[in-house]
Every structure is written in structure tokens, then in C-alpha cells.
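Structural overview
Letter by letter, the chains look like this.
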Protein chains: 2
Amino acid sequence: MRPTVHDIAAAAGVSLATVDRVLNQRPGVRHVTREKVETAIREIGYVRDVAAANLAKGRTYPFVFIVPASDNSFMHGLNAEVQAAVARSPVERTHIRTVEVPAFDPAALVDVLDQLGTERPSGIALVATDAPEVRDAVDRLVQAGIPVVTVVSDLTGSLRHHYAGVDNIAAGRTAARLLGRFLGGARGDVAVLAGSMLVRDHRERLEGFASLIAEEFPGLSILPVIEGRDDPEMAHMLVADALSKNAGITGIYSLGAGNRGLIRALKEKAVDRSLTVVAHELTAHTRAALLDGTIDAILNQDAGHEVRSAIRVLKAKADGLSVIDAQERIRLDIFLKDNLP
Amino acid sequence: MRPTVHDIAAAAGVSLATVDRVLNQRPGVRHVTREKVETAIREIGYVRDVAAANLAKGRTYPFVFIVPASDNSFMHGLNAEVQAAVARSPVERTHIRTVEVPAFDPAALVDVLDQLGTERPSGIALVATDAPEVRDAVDRLVQAGIPVVTVVSDLTGSLRHHYAGVDNIAAGRTAARLLGRFLGGARGDVAVLAGSMLVRDHRERLEGFASLIAEEFPGLSILPVIEGRDDPEMAHMLVADALSKNAGITGIYSLGAGNRGLIRALKEKAVDRSLTVVAHELTAHTRAALLDGTIDAILNQDAGHEVRSAIRVLKAKADGLSVIDAQERIRLDIFLKDNLP
DNA sequence: CAAATTTTGATTTACGTACATCAAATTTGA
DNA sequence: TCAAATTTGATGTACGTAAATCAAAATTTG
């Protein structure tokens, strides 16, 4: 049987009340006594029964999810997953509130974060906009003892407890290797479609992509980045234009959203050309395009995993427990036609 | 606040005891009263607090993991993950016992399963040997109300509640597409190194691999399968031999274990040849080979995820709860040099 | 050394559910 | 209609922990 507080009390030769004082860091225990209890805890290998403790405390975890008000399918998916987590709230003893902030607006994000500093929720998850003032605001929260995790997009040099998202530099390099190998050493131009170079994930993907192409596929040259603002219409126009003007394009890397426009452009302008296309984010559109051969590979991060992982980590941090690292690593999924879920 | 048994009692106009009788399917409740309570439960949206219930019951989940006594790194890894789960047992209220059975021995597996039928644990996870008598034994357990999940290797046509593993046909097809695309449409011979054609996962991987090569890469011809019995020495010998005798080999697909031998053979016989190699299972050896360019891609299933998923599913089944399907899908990881964990 | 202060012990209630017991009410059958 | 059988209610204890109260003991201070 698993040891209980009574066992600690017996082992340390003190009363239950004293054990409780030590366990819950209440005052009124002499240093020597405290140490005696702590030793007993270690020696008999006591671990608090979190379920019983939460029951006794009537504890719930008030968490806040801060998501950008972006109108693209990835963010919609992320929101849906957060809502799914909200639906599970009663069972998981969480109480999740979502806050929308304007995208790419550090000041607005800082305002929200500072406000939360006074509310003191049990944990905060945010899709970070990578700016120094945001980092400082997050660090203030962390130093005030509030667990904070970043989701999807990380925050350079901050004290956040955890990042639930993929390594975007690695993602870019992986895309580059797939594209390069699929092109089989042929010379040619590669077009890159991004949302905006102001977003850290997009910058990092491009950085990884460009560096690996330069290192290992010197026959390929990367054209100036097309910024489609994650907007299908704009992406369509810009890609169609590029394909018309440049007959030397043999590969395309789409590292952001707005793939609907890309796919349309490809179907209009490139049915006859044998282009190799690697895109990010699995959606109904990209899935169909992968199946019909318009896209050759899709890199994906699973928003559901990210949300669930963020919640698990926040809970663990709130309880001062450790997490299973391997379980919380968000993997970069590579989908070909054959391994779609 | 979340509704409790007291709220049901009040809503249904009955006593706590009656609610308890309905909730725990105890006898002595008139049909009409039972319905009244069930309606109230539905209407106020009551969900049992599993933590409190388990506390009251002093419940633990006695689970059994049946793993084959195979001496390869994948099974070692799987065992390590099961042991890690055992270490977490006190916290998770599980009580996991592992049973080793001889590999590829349906009769031995059936014996163990039948034995467990009398012990009636809360759940059973097994690495299935795909044979009709095993399927029947599993079906008997399921029909006796014991939750059963298969791990790593599934059981054709059985009633098992869940399979925590990858789709091996899809894995084979994915390997074929990677190999085919990496080879860039060139003609050539492809060698396949398997453990044994008696194992279902290996058969399925080969099946998927061969079918996609036939469909989409007619320039590639698959050589007779090399059965290395997942043994490094044997794999080394057979692969070295094949490479010496056949200069037309341009690609290798290793779908089982024993990759240490494969890698040694490649380094000895194929440094000058530009072979494309796709292998299964990420280990220290395959990882190093991927990094130094000996292997081009690794397909992997995460044993830790499989074990944790199996446990979550068994718990849910034991409690009659539903699982988050997306969370329990075991993904086929594709690792290139750039996205290694 | 007594008084003031700090530390410790003993005990109780609560969280939400499970389970058992016994009494009271209701229904059923003859 | 009455006894027997069935159904329902009332109540208490338990699970492991949290949190509070009050008394007793130990320590520190003057």
C-alpha cells in the first residue's frame, strides 16, 4: 500500500497536524522538526495523492488561453481544440477561459498579460508574439509564480516554463531535404510562400529551409519570399503570377497558411509542369491536394496535442509536479499520400 | 459548480441511497424510480467524479502486459517503457504486472490468456501473435468483460477493444514512396530486409511496400526478401552477401530489427555506391547512421506512446468511459536527418 | 523563575463517492 | 385486508488530504 500522511507522522514521531504544516508550508514548525518530517517523507517515499488533495481542497485550475484573432484554418483548428478542452473541463477540474488578442500586436498582448498578473490564474497558455516587451511581461508573471507555457510560437529568451510546439527551424530543414531529395539533384528555382516575415515561426521555417538548401542542394536557388499574409486570395494571385513569369520554378515550399490559394494557382498554372510542392498544415484542402498529387508532402503540427500538452504541463506546474518529457514533445508530422490519419 | 449525487437526489425527489443504487446498478429499485433517477442524471448533466469514486473504492487497476521474450532493441525499449509505467503506478492507481511469453508461440500466449481469464485483471495489454487460436482466446476474455488492447502488433478480426500501434501497411507504403521519390525515378533493384515473414507487422509492411512500388515505381524491382530474424549477425552476413552479388541494388528497405548488422554491411560494402536506405525503428545505431548519411530515412513508432496509450485506454474501458480518439492514434514518425528528437 | 511566546498535538469537519445497515414506507399476493 | 415481500429512506463510516480550532507542551525572554 502506498504510504499516507499517517505513515509520515508515525515515521517522524510527530502528529498529523505537524505533517500537514510541513506538507503545505504552513508556519509554526521548528526547523529541526521540519527536517525530521522531510526526512521521513523522503525515506518512506511518500507522494501526495493529488486526487484526494484536490478533492479536499475543492480545487479547480483556472487557466487562461490567449490566442490571436487570426482568420486562418490553423488558428480555427487551435480554437476548436481549446473549446474541446473547455468541454472536458468539469472532468479535468480545469476552468479554461480564452482571451482573443489582435494578431501581431505586442502591446495588446502585454496589456492582457499584465491584467492576468493581478487576476492570478493557476496557469496561462499563450500563442506568443515574439517581442521583447512580451517576453518581459511573461517573465514578470513567471517571477510572480504563475505557470506560463507558450503554444505554437515560442518567445525568445523568456522564462516561460514550457513550449508546446514544434521546432520550426528543424521543420524548415526537413522541408528542404524532402524537396531537395524529391527533386533528385536537378537544378531549378524554388519559390517560398510565407504568411509574414513578422511571425517568428515563419521566419524560423524559412531560415531552416534556406540554410539546408544552401548546404546540401546548391543546384537549387530560392526566389524572393512571397508574403501571402496567410490569405488565400492573395496567395493565389502572387503564386499564379510567379508561375507565369518564371518557367524555371521546379519546387514550392509553402510554410504558412493560405494554402487554398496556392492549390488553386497550381491547378490553373502547373498541371503540365512537374512541380514538387511541400506545404505546412494539414487541412481539408491540403489533404485533398496531397491525395490528388498537387502537393507532395505536408508538414503538420497537431493542434490538439499542443493544447492537451499545454494543459497537462500547466497542471503539473501548478501542483509542483514533474512532467513526462517524451510525452510532451510536440512532433513534426510528415504526411505523404500514404500515411494520412 | 459541478452537480453531485446530492443534486441528483434532489432533482429526482429520491434519497441518496436510491441514487447510489441506480448509479452502481445495485438491486432493489423499482423500474419507474430507476427511470426517474436516470432522467435526472441526464437532465442536470451529472458525471461521476472518478477521482472521488476511486478514492472511496480504494480502487486500483490491476493490469497485465504480455510481451514477447524477443531480444531486439525495439522489444527492449518497449519493456523499458512498461517498467517506466510500473514506476508511475502508485500515482496512477495502476498495478501493472508483466508476463513474458516466448515469441511467435501462439500456444504459449493462449495459455497465458486463458489463465488470466480466471484471474480477471482490470485490463490486459498484449503484443499479439496473429493466429486464430490467439484471437479466440482474446475474444473469450472480451466476452467475459475484461478490457483487452493489442500493442505494436494487432490481431486479425478479433474483438479487442483497441489497438495501440501503427498501421503497418501504411508504413510500408510510406517507405516505398520515400524510397521511390528519393531514387528519382531511376531504374534499379531494391533489397528488403525483414525479421521474419511469420510476424504480422513485417508481412504487412512488405505488403504495403511491394504494392506501392508496383503501382508507382515500375522501374524498381524488389529482390527476394532477406529474412534476418532480427539478428544483427545474420543481417550483416545476408546483406553483405546480397550487396556483393548484385551490383544493381540501388535501394534497401529494412522493415524489422537487426539494423546494426545492416549498417555494418553498408559501411563495408557500399561506401562508394550511392544507395538509398529506409529503415524502421529509431535506436542509437540507426540514429547515428541517419546522421552520417548511411540511412536516408527512419520510420518509427514510439513505444512510450504506445504503452501510455494502452494504459489510458484500459483505464477508460475499465471505468466505462470514452477515450479521445485523436489522442490515442499512434502515429508513424518519419525521421530525416533534420527532425530527430 | 515566571511570564510570554512559539511549537506541537489532538480532534473535527469537509470534499464526492461507495457501501453497508436498519428502519420505515410502499407494493404485492392470497 | 393483512402479512409478506419489495422498495425506499436515513444514517454512518470510509478513502486520503486540507484546514481549522483549541489545548498542551516546549522554548524563549525578561
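Structure's up top.
Here is a short report on the structure shown in this document. (Residues numbered from 1 in each chain as written. Chains lettered and ligands numbered in written order. Predicted model: local features only at pLDDT ≥ 70, side-chain atom pairs only at ≥ 80, totals over all residues. Heavy atoms only, no water.)

Our next topic: the sheet that holds strand S1 (residues 61-68) of chain A. Whether parallel or antiparallel, the strands of a sheet pair through hydrogen bonds between backbone atoms. Residues and elements named next belong to chain A. Ordered in space as S2-S1-S3-S4-S5, the 5 strands form an open sheet in which the pairing is parallel. The strands lining the two open edges of the sheet, one partner per strand, are strand S2 (94-101) and strand S5 (162-164). Averaged over all pairs of adjacent strands, the angle between strand axes in this sheet comes to 20°, irrespective of strand direction. Where S1 lies against S2, 8 bridges are found, and the strand directions are parallel. Residue pairing for S2: Ile66 is matched across the bridge by Val99. Across the sheet, helix H14 (residues 303-318) lies against S1, S2, strand S3 (123-126), strand S4 (148-151) and S5, angled at about 140° from S1, the strand it touches most. (Pairing = 2+ DSSP bridges. Helix = DSSP H or I, 4+ residues; strand = E, 2+ residues; numbered from the N terminus. Axes fitted to C-alpha atoms, helices over the stretch in contact; angles between N-to-C directions. Contact = heavy atoms within 4.5 Å.)

Take the side chain of Asp201 of chain A next. Residue and element names in this part refer to chain A. Relative to the helices and strands, Asp201 resides in helix H10 (residues 200-216). It is Arg205 that comes nearest to the buried, bridge-free Asp201 among opposite-charge side chains, at 4.8 Å. Apart from the residues within four sequence positions on either side, Asp201 is in contact with Val152, Ser153 and Asn168. (Buried < 20%, exposed > 50% of the residue type's maximum accessible area, 1.4 Å probe, protein only. Lys, Arg positive; Asp, Glu negative; His and termini not counted. Salt bridge = Lys/Arg side-chain N within 4 Å of Asp/Glu carboxyl O.)

This brings us to the protein's contact with DNA strand D. Close to DNA strand D lie 27 residues; Arg48 of chain A together with Ser15, Thr18, Arg30 and Thr33 of chain B are nearest. What you see for DNA strand D is that sugar and phosphate hold 71% of its atoms within 4 Å of the protein. Arg26 of chain A has a polar side-chain atom sitting 3.2 Å from a phosphate oxygen of DNA strand D. Of all the secondary-structure elements, those providing two or more residues to the surface near DNA strand D are helix H1 (5-12), helix H2 (16-23) and helix H4 (50-57) of chain A together with helix H2 (16-23) and helix H4 (50-57) of chain B. Among the elements that take part in the surface near DNA strand D, H4 of chain A stands out by supplying 4 residues, more than any other. (Near = heavy atom within 4 Å. Polar contact = N/O pair within 3.5 Å; in protein donor to acceptor, adjacent residues only side chain to side chain.)

Let's shift gears to the pattern of salt bridges. Under the criterion given, the structure shown has 46 salt bridges over all chains. The partner of Arg177 of chain A in a salt bridge is Asp338 of chain B, with the nearest N and O atoms 2.5 Å apart. With Arg177 of chain A in helix H9 (residues 168-182) and Asp338 of chain B in the segment after strand S12 (333-335), this pair bridges two chains. On the basis of relative accessibility, which here comes to 10%, the residue Arg177 of chain A falls in the buried class.

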